[in-house]
Amino acid sequence: MEVESTERMKKVHVKPINIWEDFFKDKTHGGHRYSTEEFLALEAREKLFHLDGGKTLLDFGCGSAELLTYYAPKYEKLVGVDFSPSMLREADKRIKEKGCNNIDLILANHETLWDHLQFPFDRITAAGVIQYLTFQEIDAFIANASKYLNPDGKIVFFDVLDPRLYPLWKLGLFAPKAGVLKALYRIWCDLWYSISATLKNRPRNIYGFSHNPYKLQEIANKHGFEMRYVQSMYYEYKYHAIMFRT
Ligand SMILES: C[S@@+](CC[C@H](N)C(=O)[O-])C[C@H]1O[C@@H](n2cnc3c(N)ncnc32)[C@H](O)[C@@H]1O
């Protein structure tokens, strides 16, 4: 896998580790509900409210820096990490356009990133990324993150798929014109996509795994963190997990 290196981009990972890395290798946007700057600014504002300060921030799975560039004015130093070369190329472009000179980018995954960090962080965050990790990978991620987190730091996972609400969203129950026929049609489409994705050995959709908040809470507690979870403001079927040391 080749990526054009720039000064801000550090390449520490080259071998694809799973289907998600393959899926994202040529993607250029994070799949927000709306891709307008107006909406991204609103989303970032909600996230900044939950991040609640700190001077240094690590954004794991930063994508094309659609949120990271909005975090930049509020932090002294930020690092964005992603395993997708195309996403990081877009991020680099966007960072230049927005004139954010306090952001570094690292091409790495949840396992390889840790050895390449040069300082600890006040905030370690991920928006719309945890769904691509299994519980075992999340467990290892939190264990590693706790070593790179300053004493009063927080780990904040934004927009985790809620297994209790995600199926309802898939049935279209949050859509403006929900109905039984539409729900049945969606079930049929979902089944069809699943079969065709399995045959082609590709992920079913961009969404990945849903994770029960109480299971995440157990993992957080195991590593010495309290965890609060709150409903995502802009995505009805997602929640944010906010972890801090007791
Ligand atoms: C849905 S996008 C969200 C991007 C960004 N956080 C945002 O909100 O705009 C998910 C991103 O996570 C990255 N990603 C997923 N799993 C990852 C992993 N294990 N290691 C590094 N990056 C990962 C993908 O490449 C993609 O850029």
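See the structure shown above.
On a predicted model such as this, the values are computed, not experimentally measured, just so you know. (Residues numbered from 1 in each chain as written. Predicted model: local features only at pLDDT ≥ 70, side-chain atom pairs only at ≥ 80, totals over all residues. Heavy atoms only, no water.)

A. Summary view of the environment of Ile-103. Topologically, Ile-103 is positioned in strand 4 (residues 103–107). Along the sequence, Ile-103 and Tyr-71 sit 32 residues apart, while their C-alpha atoms lie 10.0 Å from each other. (Helix = DSSP H or I, 4+ residues; strand = E, 2+ residues; numbered from the N terminus.)

B. Looking closely at the packing of aromatic side chains. A full pass over the atoms with the stated rule returns 16 aromatic pairs. With centroids separated by 4.7 Å and ring planes inclined at 55°, the aromatic side chains of Trp-20 and Tyr-132 adopt a geometry described as tilted. Within this pair, whereas Trp-20 is found in helix 1 (residues 19–24), its partner Tyr-132 is found in the loop between strand 5 (121–127) and helix 5 (135–147), the two being separated by 112 residues in sequence. Using a relative accessible area of 7% as the deciding quantity, one classes Trp-20 as buried. Residues Tyr-229 and Tyr-239 carry aromatic rings whose centres are separated by 5.3 Å and whose planes lie at 70° to one another, so their mutual orientation is edge-to-face. One end of the pair, Tyr-229, is in strand 7 (residues 225–231); the other, Tyr-239, is in strand 8 (residues 238–245), with 10 residues separating them in the sequence. A connected cluster of aromatic rings, assembled from ring pairs, spans Phe-60, Trp-114, Phe-141, Tyr-148 and Phe-157. Against the face of Tyr-235 rests Lys-238, its NZ or CZ located 4.5 Å from the ring centre. (Phe/Tyr/Trp six-rings, centres within 6.5 Å; stacked < 30°, edge-to-face > 60°. Buried < 20%, exposed > 50% of the residue type's maximum accessible area, 1.4 Å probe, protein only. Lys NZ or Arg CZ within 6 Å of the ring centre and 35° of its normal.)

C. The arrangement of the packing of helix 5 against helix 8 (residues 213–222) in detail. Where helix 5 meets helix 8, the closest approach of the two axes is 9 Å, and the angle between their N-to-C directions is 30°. At the point where helix 5 passes helix 8, the crossing takes the right-handed sense. Seen from helix 5, the contacting residues are Phe-135, Ile-138, Asp-139 and Ile-142; seen from helix 8, they are Lys-215, Leu-216, Ile-219 and Lys-222. Residue classes in the contact of helix 5 with helix 8 are distributed as 5 nonpolar, no polar and 3 charged. (Axes fitted to C-alpha atoms, helices over the stretch in contact; angles between N-to-C directions. Left-handed = near helix turned anticlockwise from the far one by under 90°. Contact = heavy atoms within 4.5 Å. Nonpolar A, V, L, I, M, F, W, Y, C, P; charged D, E, K, R; others polar.)

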